[in-house]
Amino acid sequence: MRTTPPTHAEADAWITVLTKYGHLHTAERALDGAWTVTRTPTSTPHTLHDPTLVLDFVADVLHDVRNSAPGTC
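All values reported here derive from a predicted model rather than from experimental measurement.

Participant: Can you walk me through the overall build of the chain in this structure?
Facilitator: For the chain, the count of helices and strands is 2 helices and 3 strands. Helices (α) and strands (β) of the chain occur, in sequence order from the N terminus, as α-β-β-β-α. A principal-axis box enclosing the C-alpha atoms of the chain has dimensions of 40 × 35 × 20 Å. Taking all 73 residues of the chain together, 23% fall into the buried category. Counted over contacts in the chain with a minimum sequence separation of 6, partners at least 24 positions apart contribute 31%.

Written out as structure tokens, the structure is:
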């Protein structure tokens, strides 16, 4: 369990990695630090205004990726 809140740099890093590996269709960072992300070309965009929301979103994506990976139970 975390004892410190996530930083904008940590959120940026996670979004960059998910985009690089093809788990996000688009990811755009606003001037205020918020991210607007879509997982697929037809999915609804999500605007994430806080690093905590970004990490919650990342956790959901990683959960889906792990559950859809071949060889998982």
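Structure shown, so let's carry the discussion forward.
Participant: What am I meant to see in the nonpolar core here?
Facilitator: Across soluble globular proteins, nonpolar side chains show a tendency to be buried alongside one another. By size, the foremost hydrophobic cluster in this structure holds 12 residues: Ala11, Ile15, Leu18, Leu24, Trp35, Val37, Leu48, Val54, Leu55, Phe57, Val58 and Val61. Of all elements in the fold, only α1 (8–20), β2 (35–38) and α2 (51–68) reach the threshold of two or more residues within this core. In this structure, valine 61 is in contact with Leu18, His23, Leu24 and Arg39, ignoring residues within four places of it in sequence.

Participant: Hey, could you run me through the pairing of strand β1 (residues 26–29) in this one?
Facilitator: The side chains of a regular strand alternate, first on one face of the sheet and then on the other. As paired strands, β1 and β2 are joined by 4 bridges and run antiparallel to one another. In the strand pairing of β2, glutamate 28 is matched with threonine 36. Here β1 hands over to β2 after 5 residues, with glycine 33 in that stretch at a positive phi of 95°.

Scoring rules and cut-offs
- Residues numbered from 1 in each chain as written.
- Predicted model: local features only at pLDDT ≥ 70, side-chain atom pairs only at ≥ 80, totals over all residues.
- Heavy atoms only, no water.
- Helix = DSSP H or I, 4+ residues; strand = E, 2+ residues; numbered from the N terminus.
- Buried < 20%, exposed > 50% of the residue type's maximum accessible area, 1.4 Å probe, protein only.
- Contact = heavy atoms within 4.5 Å.
- Core = buried A, V, L, I, M, F, W, Y, C linked by side-chain atoms within 4.5 Å.
- Pairing = 2+ DSSP bridges.

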